[in-house]
Amino acid sequence: MERNDHKFRLRLNLFDAIILVVVLAVGAAAVWFGLRSGGSESAPSARTVQYTVLFQSMKQGGSELIQPGDQLVDTVKNYKMGTVVSVRSEPALVQVLDQETRTYVDAELAGYEDVYVTVESACTQRDDALLLDGGYDFRVGQTAYVRGPGYMGSGPVTEIVREAEG
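Residues numbered from 1 in each chain as written. Predicted model: local features only at pLDDT ≥ 70, side-chain atom pairs only at ≥ 80, totals over all residues. Heavy atoms only, no water.

Q: Residue-level account of the overall build of the protein, with values.
A: Scanning the protein from N- to C-terminus turns up 1 helix and 8 strands. Starting at the N terminus, the α and β elements of the protein follow one another as α-β-β-β-β-β-β-β-β. Looking at the protein residue by residue over its 166 residues, the buried ones come to 24%. A separation of at least 24 residues holds for 63% of the contacts in the protein among residues at least 6 apart in sequence. (Helix = DSSP H or I, 4+ residues; strand = E, 2+ residues; numbered from the N terminus. Buried < 20%, exposed > 50% of the residue type's maximum accessible area, 1.4 Å probe, protein only. Contact = heavy atoms within 4.5 Å.)

Printed below as a string of structure tokens:
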């Protein structure tokens, strides 16, 4: 029996070589322009943002647990959400139906308060959203689930104030 040990040999004719060179050149050009255009586009820049979260109907006195300087974290995915700047509490209001006029009116809810927590964080602006320093995607009206040292709360983001571009 005869052994058939043929070594692999790449045999290219002129047409195959030209096609191979063109494909490699197009690929190199695509990589070059892709890297070049990705670097020249305005990359998202980090800015400071202040936003306010409303903790609705919190037990009376619960706002005393929240102090300026507290670090807040998202309770769902553990994203950093920033540092508490200020805390403001107001009597909790609920809407009740006035039977005589058949309209809804605001009424104070005894034993509860609405707490407005203003938080400051670095953020990055994308085309469709703002991302906080820890990667948390947020918008006005979105419910935020937050945890601080010794307390947790949830409520809508009521306001976002971005630092002025300079």
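Q: Residue-level account of the pattern of salt bridges, with values.
A: Evaluated as defined, the whole model comprises 2 salt bridges. Note that D137 is salt-bridged to R139, the shortest N-O span being 3.3 Å. (Salt bridge = Lys/Arg side-chain N within 4 Å of Asp/Glu carboxyl O.)

Q: Got a sec to walk through the environment of V146? Specific residues and values, please.
A: Inspection of the secondary structure assignment puts V146 in strand β7 (residues 143-148). Since its relative accessible area comes to 2%, V146 is described here as buried. Between the alpha carbons of V146 and V73 there is a distance of 5.5 Å; along the sequence they are 73 residues apart. Once residues lying within four places of it in the same chain are set aside, the contact partners of V146 are F55, V73, T75, M81, M152 and G153.

Q: How would you sum up the environment of M81? Please name residues and give values.
A: Here M81 shows up in strand β3 (residues 80-98). Along the sequence, M81 and E120 sit 39 residues apart, while their C-alpha atoms lie 8.2 Å from each other. Excluding residues within four positions of it along the chain, M81 makes contact with Y51, L72, V73, D74, V119, S121, L132, Y136, A144, Y145 and V146.

Q: Explain the environment of T75 to me, using residue names and the numbers behind them.
A: Looking at where T75 falls in the secondary structure, it is placed in the loop between β2 (71-74) and β3. The exposure class of T75 is partly exposed, given its relative accessible area of 25%. In this structure, the C-alpha to C-alpha distance between T75 and A144, residues 69 residues apart in sequence, is 8.8 Å. Once you skip the residues sitting within four places of it in the chain, T75 turns out to touch Y145, V146, R147 and M152.

Q: Break down the packing of aromatic side chains for me, with residues and values.
A: The final tally for this structure, using the stated rule, is 1 aromatic pair. Between Y51 and F138, the ring centres sit 4.9 Å apart and the planes meet at 50 degrees, which makes this aromatic pair tilted. Taken together, the residues Y51 in strand β1 (residues 46-59) and F138 in strand β6 (residues 137-138) connect sequence positions 87 residues apart. With respect to burial, Y51 and F138 carry one shared label: buried. Seen from the ring of Y116, R88 lies directly overhead, with NZ or CZ sitting 4.2 Å from the centre. (Phe/Tyr/Trp six-rings, centres within 6.5 Å; stacked < 30°, edge-to-face > 60°. Lys NZ or Arg CZ within 6 Å of the ring centre and 35° of its normal.)

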